[in-house]
Structures are given as structure tokens and as C-alpha cells.
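# Coordinate inspection notes
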Amino acid sequence: MRHTYAVGRRAANANKLWRNKNERRQYDDFANLYSIIKMIDKLEKAYVNSTVASAAYDASCAELIAKYKTLRTVTEDGVPNVQHFMWVQFIFGTCSASERVCARSFFS
């Protein structure tokens, strides 16, 4: 099947989510926040299934939480509520990472 694409100024900007560098940075930050949350979720599941050793889990979790905290300061204005972000944007409000990311204490 052959696809045809529109040509011109309007078509070139049709799929962009951003209009300027600041908006692009914001979307990149949202994507990074999503990735970190998904990695924490996968790590939690791997730990529960005993496919990750306890020491590796602790080290990886500490690293991801540190990255999360750093990124969270940047995305605080655009994402005031992480649980809402996780549920509305990506429809996994009950993931394993939810408890780890949204808890008052980041380490159990």
C-alpha cells in the first residue's frame, strides 16, 4: 500500500505537539517522567517475581527515585498531581510504581 503525504508549511507543522522550544522541552520532560514511572513499575514487578536480586533492586530503585525527584522539580508546574498524570495520561493508576512514587517516604 502506498502512502501519500501532503506537502507545504501547514502539513509540516500538522503533527507537532509544540510551537516553540519551551513547549518541546516540556513535552520531553513529560516523556521522561513517564519513562521513569514505567521503569519503576517494571522494577517493582521484577522484584516481586524474584527476577531481580534485592541488592540490585535497592540500588536501581534509589537511582530511579533520585532521577524522579530531580525531574519532578522541573515538571511541577505542568504536572501538579502525579497520580492524576499517571491515571489520565497513561491509564495505569493502579500500577506498582504508584505507591513508590506517590508515597510520602520513597523507601520502604
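Structural data are supplied above this passage.
The written sequence of each chain sets the order in which its residues are numbered from 1. Totals for whole chains, interfaces and linings use all residues, but because this is a predicted model, local features are given only for residues with pLDDT of at least 70 and pairs of side-chain atoms are given and counted only at 80 or more. To get the side-chain values, all heavy atoms of the structure are used, and hydrogens and water are removed first.

### What to know about the pattern of salt bridges
Should their charged atoms come close, side chains of opposite charge can pair. Note on definitions: salt bridges are taken to be side-chain nitrogens of Lys or Arg within 4 Å of carboxyl oxygens of Asp or Glu. In total, this model carries three salt bridges according to the counting rule given. The partner of Arg-19 in a salt bridge is Glu-23, with the nearest N and O atoms 2.7 Å apart. Burial here depends on accessible area, computed with a 1.4 Å probe over protein chains only, as a share of the maximum for the residue type. Under 20% is buried, over 50% is exposed, and the range in between is partly exposed. For Arg-19, a relative accessible area of 74% gives the class exposed. When the shortest N-O distance is used, the salt bridge between Lys-67 and Glu-63 registers 3.1 Å. With Lys-67 and Glu-63 both in helix H3 (residues 54-75) and four residues apart, this pair spans about one turn of that helix. Runs of H or I in DSSP of at least four residues are treated as helices and runs of E of at least two as strands, each being numbered from the N terminus.

### Focus on the environment of Phe-30
Relative to the helices and strands, Phe-30 resides in helix H2 (residues 21-48). Residues Phe-30 and Arg-72, spaced 42 residues apart in sequence, show a C-alpha to C-alpha distance of 9.7 Å. Should any heavy atoms of two residues lie within 4.5 Å, those residues are considered in contact. In this structure Phe-30 touches Thr-75, Gly-78, Val-79 and Phe-85, once residues within four positions along its chain are discounted.

### So, H3
Expected span of a helix: the number of residues minus one, times 1.5 Å. Between its terminal C-alpha atoms H3 stretches 30 Å, which fits the 32 Å expected from 22 residues at 1.5 Å a residue. Listed in full, the buried residues belonging to H3 are Tyr-57, Cys-61, Leu-64, Ile-65, Tyr-68, Leu-71, Arg-72 and Thr-75. The arc that holds every buried residue of H3, seen down its axis, measures 135°, which confines them to one face. Exposed and facing more than 90 degrees away from the buried side of H3 are Ala-55, Thr-70, Thr-73 and Val-74. Throughout, the arc means the angular range of directions from the helix axis out to the C-beta atoms.

### A look at the nonpolar core
What is meant by a nonpolar core is a set of buried Ala, Val, Leu, Ile, Met, Phe, Trp, Tyr and Cys residues, joined one to another through side-chain atoms within 4.5 Å. Ranked by size, the top nonpolar core spans 16 residues in total, and within it Leu-33, Ile-37 and Phe-85 carry the most contacts. When residues of this core are traced back to their parent elements, those giving at least two are H2, H3 and helix H4 (82-90).

### Focus: unusual backbone geometry
Glycine aside, negative phi is the norm for most residues, and most peptide bonds take the trans geometry. With a phi angle near 60°, Ser-50 is a residue other than glycine that sits in the positive phi range. Within the secondary structure, Ser-50 is located in the loop between H2 and H3. According to the relative accessible area criterion, Ser-50 is exposed, its value standing at 63%.

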